Amino acid sequence: PLVLEKREPGGLLWNADLVENYPGFPRGVSGGKLVGLMKKQLERLGVEITREEVLDADWAQDGFVVTTQKAVRSAQTLLIASGTKSHPLPEVVSPQARDRVFTEVRELAGQQGRQIIIVGAGDAAFDYALNLSKKRNFVTILNRGEDIKCLPLLFERVARDPSIQYRAGVALRQVKPDAGTGRLALEVETLKQGIFPLDADYVLFAIGRVPCTGFVSAEIMRREHELVDSGRLYWIGDVKNGSFRQAAIAVGDGLRAAMQIYMRSNQ
């Protein structure tokens, strides 16, 4: 098997403050620690990760052609476990501010004692806040609406954390750099207060994700059902699981695919 990975293996687990529904960890496990254990298992099995980004995956004649920035490779079987990517940053973020605005908490892993604003109201926003507060950062969650979309347990934990402030009904209108301080100047609006300023060291958007499939050719998509049914193409994990983006489910997808490939090869 050849495993192609453009970054560090682990995907969104690097963002996870605590994974509590992965079997075998009764007290839960941090996403980073779980990735570390998985990497050790890969090393023991002798599976190497090739650090290359897939630019194009196509179907030609009777096989796949996978192109990276370094090589063109052919394969009889293709497993796509490319996960998801965040929605693009909204237009309210000025181009000059984008070096301090992120969509994944892993980009802020080394920051301590910072003021960070998170935009969102789902599981990711609250989980990111808990992750960042553990590193002595001061976090404000801005929800433009009134509905809370995260798990109740996450909201309860955030409410108990003095380093995290949750504000509902706050719409973000603009993010730009503050030339005087080197920080970010935000313009927000509420129905009661109208428009007023906020400032922060960083802004983190947790506003949803979409499958990462831009490298998959139109020909593969046209033949998708045929290739899947014949055991040539497999979709694994978050790239296909919609709302069911969980590590245990993704692992199960991978195990099922591996067993199916092995059984087909021995028929």
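Because the structure is predicted, anything quoted here is derived from the model rather than measured.

### What about the overall build of the protein?
Line of reasoning, step 1. Looking only at helices and strands, the protein features seven helices and 17 strands.
Line of reasoning, step 2. With the C-alpha coordinates of the protein rotated into their principal frame, the extents come out at 70 × 40 × 30 Å.
Line of reasoning, step 3. Contacts spanning at least 24 positions in sequence make up 59% of the contacts within the protein whose residues lie at least 6 apart.
Line of reasoning, step 4. Side chains of the protein give 35 positive and 32 negative charges; the mean places of these two sets differ by 4 Å.

### Side note on helix α7 (residues 247-265)
Line of reasoning, step 1. Its 19 residues give α7 an end-to-end C-alpha distance of 27 Å, which sits within 8% of 27 Å, the value for a rise of 1.5 Å per residue.
Line of reasoning, step 2. For α7, the set of buried residues is A247, D253 and A257. Projected onto a plane normal to the axis of α7, the buried residues spread over an arc of 125 degrees and lie on a single side. Structural note: α7 exposes L255, R256 and Y262 on the side pointing more than 90 degrees away from its buried face.
Line of reasoning, step 3. Among the structural elements, β6 (78-80), β17 (233-235) and α6 (238-241) are those in contact with the buried residues of α7.

### Section: the pattern of salt bridges
Line of reasoning, step 1. Under the defined criterion, the tally for this structure stands at 16 salt bridges.
Line of reasoning, step 2. We note a salt bridge from E20 to R157, for which the minimum N-O separation is 2.8 Å. One end of the pair, E20, is in the loop between β1 (3-4) and α1 (31-45); the other, R157, is in helix α3 (residues 152-160), and 137 residues separate them in sequence.
Line of reasoning, step 3. Its relative accessible area of 42% is what places E20 among the partly exposed residues.
Line of reasoning, step 4. We classify R157 as partly exposed; its relative accessible area is 23%.

### Some words on the side chain of D161
Line of reasoning, step 1. Here D161 lies in the loop between α3 and β11 (164-168).
Line of reasoning, step 2. The buried charged residue D161 lacks any salt bridge partner; its closest oppositely charged side chain belongs to K134, at an N-O distance of 8.4 Å.
Line of reasoning, step 3. Not counting residues up to four positions away in its chain, the partners in contact with D161 are L130 and S133.

### Regarding the sheet that holds strand β3 (residues 54-60)
Line of reasoning, step 1. Taken in spatial order, the three strands line up as β3-β4-β5 in an open sheet, and their pairing is antiparallel. The strands lining the two open edges of the sheet, one partner per strand, are β3 and β5 (72-75). Across this sheet, the average inter-strand angle for adjacent strands is 20 degrees, counted without regard to direction.
Line of reasoning, step 2. With four bridges joining them, strand β4 (residues 63-68) and β5 adopt antiparallel strand pairing.

### A look at the pairing of strand β14 (residues 194-200)
Line of reasoning, step 1. Across seven bridges, strand β13 (residues 184-190) lies against β14 in antiparallel orientation. Across the sheet, the residue bridging to L184 is A200, located in β14.
Line of reasoning, step 2. In sequence, β13 turns back onto β14 through a hairpin of three residues.

Rules of the game
- Residues numbered from 1 in each chain as written.
- Predicted model: local features only at pLDDT ≥ 70, side-chain atom pairs only at ≥ 80, totals over all residues.
- Heavy atoms only, no water.
- Helix = DSSP H or I, 4+ residues; strand = E, 2+ residues; numbered from the N terminus.
- Contact = heavy atoms within 4.5 Å.
- Lys, Arg positive; Asp, Glu negative; His and termini not counted.
- Charge placed at Lys NZ, Arg CZ, Asp CG, Glu CD.
- Expected span 1.5 Å × (residues − 1).
- Buried < 20%, exposed > 50% of the residue type's maximum accessible area, 1.4 Å probe, protein only.
- Arc of directions from axis to C-beta.
- Salt bridge = Lys/Arg side-chain N within 4 Å of Asp/Glu carboxyl O.
- Pairing = 2+ DSSP bridges.
- Axes fitted to C-alpha atoms, helices over the stretch in contact; angles between N-to-C directions.

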